[in-house]
Amino acid sequence: MNGSRIAAIGHYQPAQVLTNEDLAGMVDTSDEWIRSRVGIRTRHIAGPDEPVDELAAHAAAKALAAAGLTPGDIDLVLVATSTAIDRSPNTAARVAARLGIPRPAAMDVNVVCAGFTHALATADHTVRAGAAARALVIGADKMSDVTDWSDRTTCVLVGDGAGAAVVEACPQGRQPGIGPVLWGSVPEMGHAVRIEGTPPRFAQEGQSVYRWATTQLPAVARSACERAGVAPEDLAGVVLHQANLRIIEPLAEKLGAVNAVVARDVTESGNTSAASIPLAFSKLLEQGALSAGDPVLLFGFGGNLSYAGQVVRCP
């Protein structure tokens, strides 16, 4: 019952980069229109032969290597995704097979854009309960598979990628590295962000999501800090779901994290749904913007109008 910590983190993005200028040749849009409304410049797009589980496995392998662990050290695999095409085997089982992880519990978590922080909380609870020793927690989405590339209101937003964290029990006497989760949803407004139909397509009510995120979520994010016993001004970093720069910046400002580095990876990666938080977090660590032990708020929100956030300590 000592709690858990993030031992290491890693990320992966496909090689193909789609720029705003590329999109302007596909639909009626422009670089200025996209930047002024959502802040995105580029996004990475996976090819037809790169399924979600492959993106997830690449990120997970990097996290394992960074932790100095082998596949045999993992006994739980959680993959947050909402874009897996097949129902079974699930994405977690396919990742485990790709990495050679023997006999893990393997589960997918579909809470769309808040999926990674939900999965991270689930891993934390599982390790605390003694049901797992080490977990791989992965956020991976291939949004390009569920996008209507003739719809300029949605195709300019999305990208593909994955991020992964290794979660393990804290050593005896050490402070937990993953704080208490604050999570919830507004199910009666679940229609505001959708991936539905045959074939499935991403759609959203942009103004409804913007109003909810910028007016309702700052207080929720502050409450997540309170649960961890960390004041917003003491945060070293803030990693929000990378949906839209016009949502990220006012939410971070209203949170009051005046001394924190705020992740703005959306400008380079677009909205990668469940991948966006671990992807942006991993990049901040890789760039040296955060140091080991720094307190960072991870806060996911979006699909189902769900949210989940917790303060973690950097590996």
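Described below are features of the structure shown in this document. As the structure is a computational prediction, the values presented were derived from the model and not from experiment.

1. Here we look at the nonpolar core
Line of reasoning, step 1. Leu-217, Leu-235, Leu-297, Phe-299 and Phe-301 are the most contacted members of the largest nonpolar core, which has 47 residues in total.
Line of reasoning, step 2. Broken down by secondary-structure element, the contributors of at least two residues to this core are helix H2 (31-38), helix H7 (206-215), helix H8 (217-228), strand S11 (237-240), helix H9 (245-255), strand S13 (295-302) and strand S14 (306-313).
Line of reasoning, step 3. Of the residues forming this core, the biggest block, six residues, is contributed by H9.
Line of reasoning, step 4. For Phe-299, the residues in contact, after removing those within four places along its chain, are Thr-117, Leu-217, Val-220, Ala-221, Val-239, Leu-240, His-241, Ile-277, Tyr-307, Ala-308 and Gly-309.
Line of reasoning, step 5. If you look at the next biggest cluster of nonpolar residues, it comprises 33 residues, including Val-111, Val-127, Ala-280 and Val-296.

2. Here's the deal with the packing of aromatic side chains
Line of reasoning, step 1. Scanning the model with the defined rule gives one aromatic pair in all.
Line of reasoning, step 2. On the numbers, 6.2 Å between centres and 40 degrees between planes, the contact of Phe-299 with Phe-301 is tilted. Each member of the pair, Phe-299 as well as Phe-301, is classed as buried.
Line of reasoning, step 3. Across the ring face of Trp-33, the terminal group of Arg-152 is positioned such that the distance to the ring centre comes to 4.6 Å.
Line of reasoning, step 4. The cationic tip of Arg-246 hangs over the ring face of Tyr-210; the distance from NZ or CZ to the ring centre is 5.4 Å.

3. Description of the sheet that holds strand S6 (residues 134-142)
Line of reasoning, step 1. Strand order in the open sheet made by the five strands is S1-S7-S6-S4-S5, with mixed pairing throughout. Each edge of the open sheet carries a strand with a single partner, namely strand S1 (4-12) and strand S5 (105-109). When strand polarity is set aside, the average angle formed by the axes of neighbouring strands in this sheet is 15 degrees.
Line of reasoning, step 2. The pairing of S6 with strand S7 (residues 160-169) spans nine bridges and is classified as antiparallel. The residue bridging Ala-135 from the neighbouring strand is Val-167, located in S7.
Line of reasoning, step 3. Taken strand by strand, helix H3 (residues 52-67) contacts S1, S6 and S7, and its axis lies near 130 degrees from that of S1.

4. Brief notes about the packing of H8 against H9
Line of reasoning, step 1. Relative to each other, H8 and H9 sit at 50 degrees, their axes nearing to 9 Å. It follows from the interaxial angle that H8 and H9 lie oblique. Two packed elements cross with a definite hand, and for H8 against H9 that hand is right-handed. Contacts between H8 and H9 involve Leu-217, Pro-218, Ala-221, Arg-222 and Cys-225 on the former and, on the latter, Leu-251, Lys-254 and Leu-255.
Line of reasoning, step 2. Of the residues assigned to the contact of H8 with H9, the class counts are six nonpolar, no polar and two charged.

Rules behind the numbers
Residues numbered from 1 in each chain as written. Predicted model: local features only at pLDDT ≥ 70, side-chain atom pairs only at ≥ 80, totals over all residues. Heavy atoms only, no water. Core = buried A, V, L, I, M, F, W, Y, C linked by side-chain atoms within 4.5 Å. Buried < 20%, exposed > 50% of the residue type's maximum accessible area, 1.4 Å probe, protein only. Helix = DSSP H or I, 4+ residues; strand = E, 2+ residues; numbered from the N terminus. Contact = heavy atoms within 4.5 Å. Phe/Tyr/Trp six-rings, centres within 6.5 Å; stacked < 30°, edge-to-face > 60°. Lys NZ or Arg CZ within 6 Å of the ring centre and 35° of its normal. Pairing = 2+ DSSP bridges. Axes fitted to C-alpha atoms, helices over the stretch in contact; angles between N-to-C directions. Parallel < 35°, antiparallel > 145°, perpendicular 65-115°, else oblique. Left-handed = near helix turned anticlockwise from the far one by under 90°. Nonpolar A, V, L, I, M, F, W, Y, C, P; charged D, E, K, R; others polar.

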